[in-house]
Amino acid sequence: MTGPAPGRSWSGTVDYGPGPLHSPTSVPELQSLVGRSDRIRALGTRHSFSEVAASDGPLVTLAALPPEVEFDTSSRTVRVGAGVRYGELAVAAHARGLALSSMGSLPHISVGGASATGTHGSGDAHRLLASSVRAIDLVTASGDLLTLSREQDPEVFDGAVLALGALGIVTHLTLDLVPAFAMRQSVHRDLAAESMDQAGLSTALGAGYSVSLFHHWDGHIAQAWVKQAAGTDAAPGDPELPEHWLGGRRSLEAVHPLPDHPADHCTDQTGAPGPAHERLPHFRLAFTPSSGAEIQSEYFVAREQIAAALAAVMPLGERIRPLLHASEVRTVAADDLWLSPAHQRDSACVHFTWKQLPGEVEALLPEIEERLAPFAPRPHWGKVFTLDPEVVRAQYPRLGDFLSLREHLDPQRVFGNAYVDRLLGD
């Protein structure tokens, strides 16, 4: 099936290009489409804020492909269609006594799109979502179907999973799962200013299985969302936090991470145990989390430097706040994926959710980036930044290997676009 132009992103800030937008209903149809295309890009659920998925030519969505989800409970793996959303996958896994070890803030994003762009959840021990991928099926520029796996292709696999769509169109991914487990979530408000030093931030971020700290660049943490493993007879859970903690207090009512937004769409914050997939995301799958009228930026720095990085940006607070909904701090464990912003570095993420003021945001970002420069920031590929491409490329020691792999799989740059070509170079 072929439709009109693909339209705009969820946020309304990214125009994906003139199209047309193709919607194949089978993998052979997709292979035929790619094989006769000089230029083509794949769209996920359109939650990226950068132009990573935009194109000056045709685009393709996998939303019409069969939403295959095939579990192997003995090996604790699942083979899933790239267009399947994480929230849907998590529900199906739970029914089989399995779970995803990590999830992003939104359960609405697709497995293929999130893996390709470096999406992540939070937790000192948890890596990017793409790190759970153990195999991919990829339609290459010739229209052939190529399977790559962690076991069979170790020399290139870490370059192929998180590839910004530049190597081909991923149709299926095989993911590692874990046994199902229960979690509880609580929110603690107005942590003391002293909690924003390195010791305080390390304590807060390490207080649970997954932790998110929301603030407004005014010197204290407004909300700490702490997601903890609930205990069982077989294994103890994380110790519950006291009502008063790090100078703040536990919220007695549900809250939204963005001021003045209703909490109806957020996951349970009562501290009651529930399935992990109902606590790990910030938002519930059944609801649209917000209007999408926002812009997001995010920078990965070394975890042990997060307090210094925040302190460096803090003098810009009076200029940041009028443009800001909220900022978030999360942690991500190091991995070996070639284009991962957490490549071989335990990281903390400095995140901004901006109001939909693109001109003002773009004008301020260079100053934020200048203050973060001593901390070697790596921007999230799917979010907005203004760093010079040469500065970005210098952060990736395996970039040369990735470009060689790209040259091998797509020498004609069928899957290129202006964003990828500019940032990665040749």
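Now for a look at the structure at hand. (Residues numbered from 1 in each chain as written. Predicted model: local features only at pLDDT ≥ 70, side-chain atom pairs only at ≥ 80, totals over all residues. Heavy atoms only, no water.)

## Points about the overall build of the protein
The cut-off we apply is this: The way it works is that DSSP assigns letters per residue, a run of H or I at least four long becomes a helix, a run of E at least two long becomes a strand, and they are numbered from the N terminus. The reference for a compact globule is 2.2 Å times residues^0.38; the radius of gyration itself is calculated from the C-alpha atoms. Burial classes follow relative accessibility: with a 1.4 Å probe on protein chains only, a residue under 20% of its type's maximum area counts as buried, one over 50% as exposed, and anything between as partly exposed. Every residue pair with non-hydrogen atoms within 4.5 Å of one another is taken to be in contact. What sets the accessible areas is the Shrake-Rupley method with a 1.4 Å probe; for residues, cover comes only from the shown protein chains. In this count, Lys and Arg are taken as positive residues and Asp and Glu as negative ones, while His and the chain termini are left out. All charge positions are set by atom: Lys at NZ, Arg at CZ, Asp at CG, Glu at CD.
Scanning the protein from terminus to terminus reveals 11 helices and 21 strands. Since a compact globule built from 426 residues should have a radius of gyration of about 22 Å, the 21 Å found for the protein is in line with a globular shape. Structurally, the protein occupies a C-alpha span of about 60 × 50 × 40 Å along its principal axes. Per-residue burial over the protein gives 58% buried out of 426 residues. Long-range contacts, defined as pairs at least 24 residues apart, comprise 72% of the intrachain contacts of the protein with a sequence gap of at least 6. Carbon and sulfur atoms make up 52% of the accessible area of the protein, which totals about 16400 Å². Charged side chains of the protein number 33 positive and 50 negative; the gap between the two group centres comes to 2 Å.

## Considering the packing of helix H6 (residues 306-313) against helix H8 (residues 358-372)
Quick reminder of the rule: Angles here are taken between N-to-C directions and fall from 0 to 180 degrees, while the axes themselves are lines fitted to C-alpha atoms, restricted in helices to the stretch in contact. In what follows, roughly perpendicular refers to angles from 65 to 115 degrees, roughly parallel to angles under 35, roughly antiparallel to angles over 145, and oblique to any angle outside these ranges. Put simply, a crossing is left-handed when the front helix is turned counterclockwise from the back one by less than a right angle, and right-handed when it is turned clockwise.
The contact between H6 and H8 brings their axes to 8 Å, and the two run at 140 degrees. With respect to each other, H6 and H8 are oriented oblique. Between H6 and H8 lies a crossing whose hand is right-handed. Contacts between H6 and H8 involve Ala-309, Ala-312 and Val-313 on the former and, on the latter, Ile-368, Arg-371 and Leu-372.

## Side note on helix H1 (residues 27-35)
Given 3.6 residues to a turn, an α-helix orients residues that are three or four positions apart in the same direction. For clarity, the threshold we go by: An arc is given here, and it is the one of the directions from the helix axis to the C-beta atoms. We define a polar contact as two N or O atoms separated by no more than 3.5 Å, with the added condition that, inside protein, one atom must be a possible hydrogen donor and the other a possible acceptor, whereas residues neighbouring each other in sequence contribute only through side-chain atom pairs.
For H1, every residue scored as buried is listed here: Val-27, Leu-30, Leu-33 and Val-34. Looking straight down H1, one finds that the buried residues subtend no more than 120 degrees of arc, so they occupy a single side. In this structure, the buried side of H1 is in contact with strand S2 (21-22), strand S4 (59-61), strand S8 (133-139), strand S9 (145-149) and strand S10 (169-176). If you check the start of H1, you find a side-chain oxygen 3.2 Å away from the backbone N of Glu-29, and it comes from Ser-26.

## Notes on the nonpolar core
As a reminder of what qualifies: For this analysis, a nonpolar core means a set of buried residues of the types Ala, Val, Leu, Ile, Met, Phe, Trp, Tyr and Cys, connected via side-chain atoms within 4.5 Å.
Grouped together as the largest cluster of nonpolar side chains are 119 residues, with contacts concentrated most on Ile-320, Trp-354, Ile-368 and Trp-381. Core analysis: the second largest hydrophobic core is formed by 7 residues, Tyr-16, Leu-43, Ala-54 and Leu-59 among them.

## Examining the packing of aromatic side chains
In plain terms, the rule: Each aromatic pair joins two rings of Phe, Tyr and Trp (for Trp, the six-membered one) with centres within 6.5 Å, and gets the label stacked for planes under 30 degrees apart, edge-to-face for over 60, and tilted for any other angle. Criterion for a charge above a ring: Lys NZ or Arg CZ within 6 Å of the ring centre, and within 35 degrees of the ring normal.
Tallying each qualifying case throughout the model produces 5 aromatic pairs. Ring geometry for Phe-352 and Trp-354: centres 4.9 Å apart, planes at 0 degrees, overall stacked. Here the aromatic cluster, defined as three or more aromatic residues joined through ring pairs, consists of Trp-217, Phe-352 and Trp-354. Seen from the ring of Tyr-396, Arg-378 lies directly overhead, with NZ or CZ sitting 5.6 Å from the centre.

## Section: the pattern of salt bridges
Definition in use: The salt bridge definition used is simple: a Lys or Arg side-chain nitrogen within 4 Å of an Asp or Glu carboxyl oxygen.
Counted under the stated rule, the structure contains 19 salt bridges. For Asp-176, the salt bridge identified is with Arg-150, shortest N-O distance 2.9 Å. One end of the pair, Asp-176, is in strand S10; the other, Arg-150, is in the loop between S9 and helix H4 (157-160), and 26 residues separate them in sequence. The exposure class assigned to Asp-176 is partly exposed, which follows from its relative accessible area of 22%. For Arg-150, a relative accessible area of 31% corresponds to the partly exposed category. For Asp-401, the salt bridge goes to Arg-398, with nearest N and O atoms at 2.4 Å. Members of the salt-bridge network, linked through shared partners, are Arg-39, Asp-56, Arg-406 and Asp-421.

## Here we look at the sheet that holds S8
The criterion, for reference: Each pair of strands is called paired provided DSSP finds at least two bridges between the two strands.
Strand order in the open sheet formed by 5 strands is S5-S6-S10-S8-S9, with antiparallel pairing between adjacent strands. Because the sheet does not close on itself, it has two edges, and the strands there are strand S5 (69-72) and S9. Across the sheet, the mean angle separating the axes of adjacent strands is 15 degrees when strand polarity is ignored. Taken together, the 5 bridges between S8 and S9 define a ladder with antiparallel strand orientation. Paired with Val-139 across the two strands is Leu-145, which belongs to S9. In the packing of H1 onto the sheet, contacts are made with S8, S9 and S10, and the angle to S10 comes to roughly 135 degrees. The sheet strands contacting helix H2 (residues 86-94) are S5, strand S6 (77-81) and S10, and the helix crosses S5 at an angle near 40 degrees.

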